[in-house]
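Secondary and tertiary structure notes
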Amino acid sequence: MTSIAIFASGAGSNARKIIEHFSHHPKVRVDLIVCNKPNAGVLNIADEHGIPTLLLDKEQFFRGNAYVDEFKVDDIEFIVLAGFLWKIPDALIHAYPEKIVNIHPALLPKYGGKGMYGNFVHEAVIANKETESGITIHLVDEVYDHGKIIFQAKCEVKKDDTPESLAQRIHELEHKHYAKVIEQLVS
Ligand SMILES: Nc1nc2c(c(=O)[nH]1)N[C@@H](CN(C=O)c1ccc(C(=O)N[C@@H](CCC(=O)O)C(=O)O)cc1)CN2
Ligand SMILES: NCC(=O)N[C@@H]1O[C@H](COP(=O)([O-])[O-])[C@@H](O)[C@H]1O
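Let me begin by describing the structure that accompanies this report. Treat the numbers as computed from the prediction; the structure is a model and nothing was measured.

With respect to the layout of surface pockets
Gaps between atoms show up when a probe of the same size as a water molecule is rolled over them. A volume near 790 Å³ is recorded for the largest pocket. G83, F84, L85, Y117 and G118 are the residues nearest the centre of the largest pocket, which is lined by 38 residues in total. When residues of the lining of the largest pocket are traced back to their parent elements, those giving at least two are helix 1 (13-22), strand 5 (100-104), helix 6 (119-127) and helix 7 (163-186). Of all the elements, helix 7 adds the most residues to the lining of the largest pocket, at four residues. Approximately 160 Å³ is the volume found for the second largest pocket. Its residues assigned to classes, the lining of the second largest pocket shows two nonpolar, one polar and five charged.

Next comes the structure, spelled out in structure tokens:
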């Protein structure tokens, strides 16, 4: 059984889709939800599904062991970032080589890097009058949004789009593809 930890900072709609996809899966299980925001909606989703949660301490995460020992004791084999807004420390990346994946709400390498998350991404895409956007699923390395691209899917950017309407279209792509791409990666 491959044990997955999902890292998230927000509402958790992607986490919910991934949990649902792997519930009753013969070979893959979501065993932990890791979060850095005590009031994040993803923590309620974890509770709904009886999945243990870990609320990160900033000092230990960035200046300690990055929780590597805890994840190894819990037999976590694969890490999925789903709207996680802190930078993954090098120690955790080195402990999980090519086993940390992220979803970004744009077509990297454009619209990535520090500060490019959530609606900030969609605002930039709209401000630049792009006619298309999409999602990128990539391996995580030491630089924001720089790791090997595994999957991309595109959608239209409409002339009257707001960041919210574009986010909704992007979410539909994320919910359609992320869990299936994870399944291919871990199998
Ligand atoms: N080592 C890595 N860590 C993370 C990556 C990565 O590729 N390598 N991806 C991000 C996810 N992400 C985009 O997909 C992303 C998330 C957050 C930021 C950002 O600028 N964060 C702010 C802090 C925001 C907050 O604390 O609320 C910042 O660093 O100042 C950029 C990109 C996850 N980690
Ligand atoms: N750069 C990272 C980033 O912007 N990630 C984005 O955060 C959202 C989380 O939504 P969710 O909490 O509903 O899954 C998702 O759209 C994801 O692509």
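Considering the side chain of T136
For T136, the position within the fold is in strand 6 (residues 132-139). Classification of T136 by relative accessible area gives buried; the value is 0%. For T136, the side chain forms a polar contact with the side chain of Q152, separated by 2.8 Å. Leaving out residues up to four positions away in the same chain, T136 has contacts with N102, I103, H104, A106, L107, L108, I149, F151 and Q152.

Notes on a nonpolar patch on the surface
Residues L85, Y117 and F120 make up a contiguous nonpolar surface patch of roughly 280 Å² in combined accessible area. Tracing the backbone through its elements, the reader meets F120 in helix 6. When its relative accessible area of 44% is taken as the criterion, F120 is described as partly exposed.

With respect to the pairing of strand 5
A large share of strand 5 lies buried, amounting to five of its five residues. In strand 5, alternate side chains face the same way, and those of I100, N102 and H104 on one face and V101 and I103 on the other are all buried. Looking at chain direction, strand 4 (residues 78-81) and strand 5 are connected through three bridges and run parallel. If you follow L81 over to strand 5, its bridge partner there is N102. As for the winding sense of the linkage, the β-α-β connection from strand 4 through helix 5 (residues 90-95) to strand 5 is right-handed. Direction of pairing for strand 5 relative to strand 6: antiparallel, over a ladder of four bridges. Note that in strand 6 the partner of V101 across the bridge is L139.

Describing the pairing of strand 4
Residues of strand 4 alternate between two faces, with F78 and V80 on one and I79 and L81 on the opposite face, all of them buried. As judged from the four bridges shared by strand 1 (residues 2-8) and strand 4, these two strands associate in the parallel manner. Bridged to A5 within strand 4 is I79.

What counts as what
- The residue count restarts for each chain, going from 1 along the sequence in the order it is written.
- All chains are assigned letters beginning at A, and all ligands numbers beginning at 1, according to the order in which they are written.
- A pLDDT threshold of at least 70 governs which residues receive local features in this predicted model, and a stricter bar of 80 or more applies before side-chain atom pairs are shown or counted, although totals over entire chains, interfaces and linings include all residues.
- Computation of side-chain values covers all heavy atoms of the structure but excludes hydrogens and water.
- Cavities and pockets were defined on a 1 Å grid built from protein atoms only: a cavity is a group of points that admits a 1.4 Å probe but offers it no way out, a pocket is an open group of points flanked by protein on both sides within 12 Å along at least five of seven lines, and a lining residue is one with an atom within 4 Å of any such point.
- Grid points are joined across faces, edges and corners, and a volume is the space filled by probe spheres set on the points.
- Secondary structure counts use DSSP, requiring at least four H or I residues in a row for a helix and at least two E residues in a row for a strand, with both numbered from the N terminus.
- Classification convention: Asp, Glu, Lys, Arg as charged; Ala, Val, Leu, Ile, Met, Phe, Trp, Tyr, Cys, Pro as nonpolar; all other residues, Gly among them, as polar.
- In this scheme, a residue with accessible area under 20% of its type's maximum is buried, one over 50% is exposed, and one in between is partly exposed, where area comes from a 1.4 Å probe on protein chains only.
- For this analysis, a polar contact is any N or O atom pair within 3.5 Å, provided that within protein one partner can donate a hydrogen and the other can accept it, and provided that sequence-adjacent residues contribute only side-chain to side-chain pairs.
- Note on contacts: a residue pair is in contact if any heavy atoms of the two residues lie within 4.5 Å.
- Think of a patch as exposed residues, more than 30% relative accessible area, with no salt bridge, where like charges cluster within 9 Å and nonpolar side chains (Val, Leu, Ile, Met, Phe, Trp, Tyr) cluster within 5 Å.
- Surface exposure here means Shrake-Rupley accessible area, sampled with a 1.4 Å probe, where a residue is shielded only by the protein chains that are shown.
- Salt bridge, as applied in this entry: a Lys or Arg side-chain nitrogen positioned within 4 Å of an Asp or Glu carboxyl oxygen.
- Any two strands with at least two DSSP-identified bridges between them are counted as paired.
- A clockwise course of the path from the first strand over the helix to the second, judged with the strands pointing away from the viewer, identifies a crossover as right-handed.

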